[in-house]
Amino acid sequence: MEDKQQPNISEAFLSPYNPSENEDRIYAMWEDSGYFNPDVCIEKGVTKPDAEPFSMVLPPPNVTGTLHMGHAAMLAVEDILTRYHRMLGKRTLWIPGTDSAALATQSKVESIVYKKEKKRRHDIGREELMRRIDEFVEESKSTIINQTKKMGSSLDWSRYAFTMDDTRNKAVTEAFIRMYNDGLIYRGARSVNWDPNMQTTVSDDEVEYVEKNSPFYYFKYGPFTIGTVRPETKFGDKYVVMHPDDERYAAYEHGQTIEVEWINGPITATIIKDEAADPEMGSGVMTITPWHSAVDLEIAKRHDLDIEQVIDERGCLLDIAGEFAGTHIKKARPLIIEKMQAKGLVEKVDEDYTHNVATNERGGGVIEPQIKEQWWVDVNKEFTMGPSTIPGISEGDVVTLKKLMIAAVENGGVSIFPDRFNKTYYHWIENLHDWCLSRQIWYGHRIPAWFKDGEVKVQVGSPGEGWTQDPDTLDTWFSSGLWTMSTLGWPEMTDDFTTYHPTTVLETGYDILFFWVARMILMTTYLNGSVPFQNVYLHGLVRDANNKKMSKSLGNIIDPVDMIDKFGADATRLSLIVGAAPGNDMPLGEDKIRAYKKFANKLWNISRFVLTSIADFDHSTTPTLSERDQAILTDLQVNAEAVTSELEKFNLYIAAEKAYHFVWHEIADRILEEAKPVINGEDASAKAARQYVLKETLVTSLKLLHPFMPYVTETIWQELPEALRETDMLLVAQWPTK
RNA sequence: GUCCGGUUAGCUCAGCUGGUAGAGCGCUACAUUGACAUUGUAGAGGUCACAAGUUCAAGUCUUGUACCGGACACCA
């Protein structure tokens, strides 16, 4: 049997490209080289010490989670940006980290403990629970880290950060104390979103409204008719509110009292005229429950009304409910209706009423508004600005946190891509209320506040004998809001901080623009007088091939780890980039990933062909080029510049598509095909010239594609003859423009 | 209710500052065992949602209409 002749090229090329044989090996090689760390790049001479910095933080995934397609898309985008800028010769830093996801993690561990030992958190105590959580975190964190590496992410693991580690803890405490001392954090009793299941408050942004069908009751309230879906809140309703201009009730005067027969007997009701009552809504009359409704509370405050609690923290009725006291609201509701029916107070019931029920996004409990003493960030309080590099804001200006957040974006300090999200961002800020910071859960950053006999001190460590620390912890987004700073060592003015902050890009999903992006802007503009990042790149949601949301219940989840095993990380990355315009959701099916696996193989074969064709080329000579040879080199240049300009504009989806199209349909289909007769022809100098061109073509292709498909390009690079490799790894080769 | 998008080939989408339609997948025909667990060449397929306006010229700008989607707010 005759072997085809394959002079001087590696045996590796004799079979199709096999991602699983190469990816782990290549990643280990990159990691061992230290090139993910910009300091090492400088040490080894691949980056100039004074090169322009490029920095980015990884939006920290939940430490106990597993990788899903959303993460994969995020990692693909960020790694492309990182590799591109590294190849441009910048001091490039992409910082990895994981998030403690306090609420989610604690409830996960609690449920494990409950399943195993039938114990609740109060049974095992704070310290023990924390120990269990730490253990759980330690055990499960390697999963997400390993999966992140599988995607080819060129993160500097030597700078790995965890939201709950010492450095981050220090940053959180420092931030809290400074904001408290400036009066931007205060303690106050206000209406909060209380989750009776998890026994904690949640912020407005964590409340999810779920559409539900419930009976809507019309009750006779003296001469009026009032409507409600929640009869159990109605015990204390002694104010009846109507619009001042509502003709139907012109006979009643504000402040007038009437006797009304109510659930547990007669009460004295007071008429309140307030514009909050919508005349179009039902009868135009309502009673209010200020303790359990933020809207009602505002009305009550306007008229200085009594405010009474009806439901306790566990969701049970209080003494005010009389015979129903101690009963859980779920059980009480039908009993109350029964009694009211017997008393003839029920006028009618609308069984088919849909309304939105507030639930805790992360636990699913139904929110019961309560008035509670909590810690808050005041977003409207005026203060005098310290040193500032924020465009449009100078030292000494009187500002508010809201103003800072708007100024940072309005004056171009932060650019958001795609820019239509600017409006979404402003819209959110206009609606922004004070931010409830404290959470009644144990896992998280403990609030540095101490109490003694009604006195409060905010500081690091106990003020002394008899002081007890606030048992509450901080909203997880408080620490996340510091992330660009804390990962770089803030509040210490480390070299990292001064070099890499503000970061160049923040890449994340548009779904957490408010949770996270806005909060980072809030915290950083105030604490550091700077923006946290210059650019925000928002990616969309990954949907299935039919554009449906991926979900467990639909069974349409595509697992990125499966896809990597099946088609390779390169193919998975490209499938998540091409056709994925920033801010738009993208459909993804296996077919698409398979198509890019073919592309990786195509590149593999292109390389094999070129290496075979140039095997006898003398690299020490520079041959004389024909016009056509020149034209091909120009073509390379033009296309490399086209890809570059799209990358500069953050149009990764176009850049990837262009690179793909150029390599496959220009290089493979035309340049390689037309080179065949020249390479096989008699004219030795024409052959040498074309060999030179082919060599350039291959090297440029590998470089152009490296950010998008790092594994296959690096695998090929490692097989190139020494003469073609300007650097030991493609990872740090020079980007092919200029 | 407020705000923001979208509507272009069978499907998924691209079309930047206006100059008479593009890609990928799919489909049809032909070719090819080659650098190619295939690939190449060619082709079919679109009154660019609808209406009016600006303009020498409108997927592209303006206004309106109709659907579709999203974010936020929220009701007794």
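Higher on the page you've got the structure.
On a predicted model such as this, the values are computed, not experimentally measured, just so you know.

### Details of helix α3 (residues 69–87)
Along an α-helix, residues three or four positions apart point the same way, because every turn accommodates 3.6 residues.
And then number 1: Its 19 residues give α3 an end-to-end C-alpha distance of 27 Å, which sits within 8% of 27 Å, the value for a rise of 1.5 Å per residue.
And then number 2: In terms of burial, α3 is a largely internal element, 18 of the 19 residues being buried.
And then number 3: At the C-terminal side of α3, Gly89 shows a positive phi close to 90°.

### Focus: the protein's contact with RNA strand B
And then number 1: As a matter of local geometry, RNA strand B sits amid 33 residues, with Pro16, Gly227, Thr228, Met281 and Met286 nearest to it.
And then number 2: Of all RNA strand B atoms lying within 4 Å of any protein atom, the proportion belonging to sugar or phosphate reaches 57%.
And then number 3: At a separation of 2.5 Å, a phosphate oxygen of RNA strand B approaches a polar side-chain atom of Trp664.
And then number 4: Per-class residue counts for the surface near RNA strand B are 14 nonpolar, 9 polar and 10 charged.

### What about the sheet that holds strand β14 (residues 368–377)?
And then number 1: Ordered by their spatial adjacency, 4 strands build an open sheet running β6-β5-β14-β18, and the pairing between neighbours is antiparallel. This sheet does not close on itself; its edge strands, each paired only once, are β6 (200–202) and β18 (435–436).
And then number 2: Looking at chain direction, strand β5 (residues 185–195) and β14 are connected through 10 bridges and run antiparallel. Bridging from a neighbouring strand, Arg190 pairs with Lys372 of β14.

### A word on the side chain of Asp99
And then number 1: Tracing the chain through its elements places Asp99 in the loop between β3 (97–98) and α4 (102–117).
And then number 2: Its relative accessible area of 12% is what places Asp99 among the buried residues.
And then number 3: Engagement of the side chain of Asp99 in a polar contact is seen with the side chain of Thr163, the distance being 3.4 Å.
And then number 4: If we skip the residues at most four places from it in the chain, Asp99 touches Pro60, Pro61, Asn62, Val63, Phe162, Thr163, Thr476 and Ser480.

### A short note on helix α8 (residues 294–302)
And then number 1: What α8 keeps buried is the set Asp296, Leu297, Ile299 and Ala300. All buried residues of α8 fall inside an arc of 160° around its axis, so they share one side. Facing away from the buried side of α8, by more than 90 degrees, are the exposed residues Val295, Lys301 and Arg302.
And then number 2: On its buried face, α8 sits against β5, β9 (239–242), β12 (285–287) and β14.
And then number 3: With its phi angle positive at about 55°, Asp304 sits one or two positions after the end of α8.

### Some points on the sheet that holds strand β11 (residues 265–273)
And then number 1: Pairing in this open sheet of 4 strands is mixed, and the strands run β10-β11-β9-β12 from one edge to the other. Edge positions in the open sheet fall to β10 (257–262) and β12, since each of these has one partner strand only. Strand-to-strand, the axes of this sheet are offset by a mean angle of 35°, without reference to chain direction.
And then number 2: Examined bridge by bridge, β10 and β11 share 6 bridges and lie antiparallel to one another. Its bridge partner lying in β11, Glu259 is registered against Thr268.

### Section: the nonpolar core
And then number 1: One finds Phe599, Leu647 and Phe708 to be the most contacted residues of the largest nonpolar core, which totals 99 residues.
And then number 2: When residues of this core are assigned to their parent elements, the largest contribution, 14 residues, is made by helix α20 (residues 652–680).
And then number 3: Core analysis: the second largest hydrophobic core is formed by 65 residues, Ile177, Ile521, Tyr526 and Phe533 among them.

### Some points on the pairing of β14
And then number 1: In terms of residue burial, β14 counts as a mostly covered element, since 9 of its 10 residues are buried.
And then number 2: Sheet topology note: the β14/β18 ladder contains 2 bridges and is antiparallel. The residue of β18 that forms the bridge with Trp376 is Cys436.

### Some thoughts on the packing of helix α18 (residues 590–613) against α20
And then number 1: At a minimum axis separation of 11 Å, α18 and α20 run at an interaxial angle of 25°. Classified by the interaxial angle, the pair formed by α18 and α20 is roughly parallel. In the packing of α18 onto α20, the handedness of the crossing is left-handed. The segment α18 lies against α20, with Tyr596, Lys598, Phe599, Lys602, Leu603, Ile606, Phe609, Val610 and Ser613 engaging Tyr660, Val663, Trp664, Ala668, Leu672, Lys676 and Ile679.
And then number 2: Its residues placed into classes, the contact of α18 with α20 shows 12 nonpolar, 1 polar and 3 charged.

### A short note on the environment of Asp237
And then number 1: Looking at the secondary structure, you find Asp237 in the loop between β8 (224–228) and β9.
And then number 2: For Asp237, a relative accessible area of 1% gives the class buried.
And then number 3: Along the backbone, Asp237 and Pro266 are 29 residues apart, and their C-alpha atoms lie at a distance of 12 Å.
And then number 4: In this structure, Asp237 is in contact with Tyr221, Ile267, Thr287, Ile288 and Thr289, ignoring residues within four places of it in sequence.
And then number 5: Only 2.7 Å separates the side chain of Asp237 from the side chain of Thr287, close enough to count as a polar contact.

### A closer look at unusual backbone geometry
And then number 1: At the junction of Trp490 and Pro491, the peptide bond is cis and its omega measures out at 10° in the coordinates.
And then number 2: Looking at the element boundaries, Pro491 is found in the loop between α13 (483–486) and α14 (495–500).
And then number 3: In this chain, His501 is followed by Pro502 through a cis amide linkage whose omega measures -5°.
And then number 4: Within the chain, Gln199 stands out as a residue other than glycine whose phi angle is a positive 60°.
And then number 5: On the secondary structure map, Gln199 appears in the loop between β5 and β6.
And then number 6: On the accessibility criterion, Gln199 (23% relative accessible area) is partly exposed.
And then number 7: At Asp453, a residue that is not glycine, the phi angle is positive and equals roughly 45°.
And then number 8: One can find Asp453 in the loop between β20 (449–452) and β21 (455–458).

Parameters at a glance
- Residues numbered from 1 in each chain as written.
- Chains lettered and ligands numbered in written order.
- Predicted model: local features only at pLDDT ≥ 70, side-chain atom pairs only at ≥ 80, totals over all residues.
- Heavy atoms only, no water.
- Helix = DSSP H or I, 4+ residues; strand = E, 2+ residues; numbered from the N terminus.
- Expected span 1.5 Å × (residues − 1).
- Buried < 20%, exposed > 50% of the residue type's maximum accessible area, 1.4 Å probe, protein only.
- Near = heavy atom within 4 Å.
- Polar contact = N/O pair within 3.5 Å; in protein donor to acceptor, adjacent residues only side chain to side chain.
- Nonpolar A, V, L, I, M, F, W, Y, C, P; charged D, E, K, R; others polar.
- Pairing = 2+ DSSP bridges.
- Contact = heavy atoms within 4.5 Å.
- Arc of directions from axis to C-beta.
- Axes fitted to C-alpha atoms, helices over the stretch in contact; angles between N-to-C directions.
- Core = buried A, V, L, I, M, F, W, Y, C linked by side-chain atoms within 4.5 Å.
- Parallel < 35°, antiparallel > 145°, perpendicular 65-115°, else oblique.
- Left-handed = near helix turned anticlockwise from the far one by under 90°.

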